[in-house]
Amino acid sequence: YQVVGGSCRYMFEFSIDDAIRDFKIGIESISDYEDFFKHQIGERCGDFVNRLFGRYSVQHEEVWAPISKFVATALASKIGESFVSKVMNAFPNNPV
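Only a predicted model underlies this, so the values are computations on that prediction, with no experimental measurement involved. (Residues numbered from 1 in each chain as written. Predicted model: local features only at pLDDT ≥ 70, side-chain atom pairs only at ≥ 80, totals over all residues. Heavy atoms only, no water.)

## Observations concerning the overall build of the protein
Step number 1: Regarding its fold elements, the protein presents five helices and two strands.
Step number 2: Ordering the α and β elements of the protein from the N terminus gives α-α-α-β-β-α-α.
Step number 3: Within the span of the protein, comprising 96 residues, buried residues form 34% of the whole.
Step number 4: Long-range contacts, defined here as pairs at least 24 residues apart, represent 50% of the contacts in the protein between residues at least 6 apart.
Step number 5: Split by element, the accessible area of the protein, about 6,000 Å² in all, is 49% carbon and sulfur. (Helix = DSSP H or I, 4+ residues; strand = E, 2+ residues; numbered from the N terminus. Buried < 20%, exposed > 50% of the residue type's maximum accessible area, 1.4 Å probe, protein only. Contact = heavy atoms within 4.5 Å. Areas by Shrake-Rupley, 256 points an atom, 1.4 Å probe, with all protein chains shown as cover.)

## Quick look at unusual backbone geometry
Step number 1: With a phi angle near 65°, His-60 is a residue other than glycine that sits in the positive phi range.
Step number 2: For His-60, the position within the fold is in the loop between strand E1 (53-58) and strand E2 (61-66).

## Here we look at the environment of Arg-55
Step number 1: Looking at the element boundaries, Arg-55 is found in strand E1.
Step number 2: Residue Arg-55 is classed as exposed on the basis of its relative accessible area of 56%.
Step number 3: Along the backbone, Arg-55 and Ser-7 are 48 residues apart, and their C-alpha atoms lie at a distance of 9.5 Å.
Step number 4: If sequence neighbours within four positions are ignored, Arg-55 has contacts with Glu-62, Val-63 and Trp-64.

## Things to note about the pairing of E2
Step number 1: Relative to E2, E1 runs antiparallel, the two sharing six bridges. Paired with Ser-57 across the strands is Glu-62, a residue of E2.
Step number 2: Linking E1 back to E2 in an antiparallel pair, the connection comprises two residues, with Gln-59 at a positive phi of about 50°. (Pairing = 2+ DSSP bridges.)

## Some points on a nonpolar patch on the surface
Step number 1: A cluster of nonpolar residues, Tyr-1, Met-11 and Phe-12, forms a patch on the protein surface that exposes about 420 Å² of accessible area.
Step number 2: With respect to the helices and strands, Phe-12 occurs in helix H1 (residues 8-13). (Patch = residues over 30% accessible without salt bridge, like charges linked within 9 Å, V, L, I, M, F, W, Y side chains within 5 Å. Salt bridge = Lys/Arg side-chain N within 4 Å of Asp/Glu carboxyl O.)

## Quick word on the nonpolar core
Step number 1: If you look at the biggest cluster of nonpolar residues, it comprises 18 residues, and the most contacted ones within it are Val-4, Ala-19, Phe-23, Phe-36, Leu-52, Val-71 and Leu-75.
Step number 2: Where this core is concerned, the elements lending two or more residues are helix H2 (16-28), helix H3 (33-37), E1 and helix H4 (69-79).
Step number 3: In terms of residues, this core owes the most to one element, H4, which gives four residues.
Step number 4: Those residues in contact with Ala-19 that sit more than four places away from it in its chain are Val-3, Val-4 and Tyr-10. (Core = buried A, V, L, I, M, F, W, Y, C linked by side-chain atoms within 4.5 Å.)

## Digging into the pattern of salt bridges
Step number 1: Under the definition given, this model contains three salt bridges.
Step number 2: The salt bridge involving Arg-21 is made with Asp-22; its shortest N-O contact spans 2.9 Å.
Step number 3: Looking at Arg-21, the relative accessible area reads 44%, which means it is partly exposed.
Step number 4: The class of Asp-22 is buried, set by a relative accessible area of 5%.
Step number 5: Of the charged contacts, one joins Lys-78 and Glu-28 as a salt bridge, the two residues approaching to 3.3 Å between their closest N and O atoms. With Lys-78 in helix H4 and Glu-28 in helix H2, this pair connects stretches of sequence that are 50 residues apart.
Step number 6: Connected via shared salt-bridge partners are Asp-18, Arg-21 and Asp-22.

Have a look at this one:
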């Protein structure tokens, strides 16, 4: 669960090694982190980053957030200190 989080597809169809590989490729394919956090890339584009988001229901509100703690931690190590404020601003009700 720490690696795949809310992704049923990765939970049941892929090995942990495959999930880690795919998430790392997704993180490396982010060309603009600002656009990533504004949801301007990912879900409908050809990039691999759509696997990094999860959609959750929090108190009857739709919330988009990093799919798992693994992804959130990997993004934090890639982006650095500013990651926490970016996540809090972009995903105020982050369930991860």
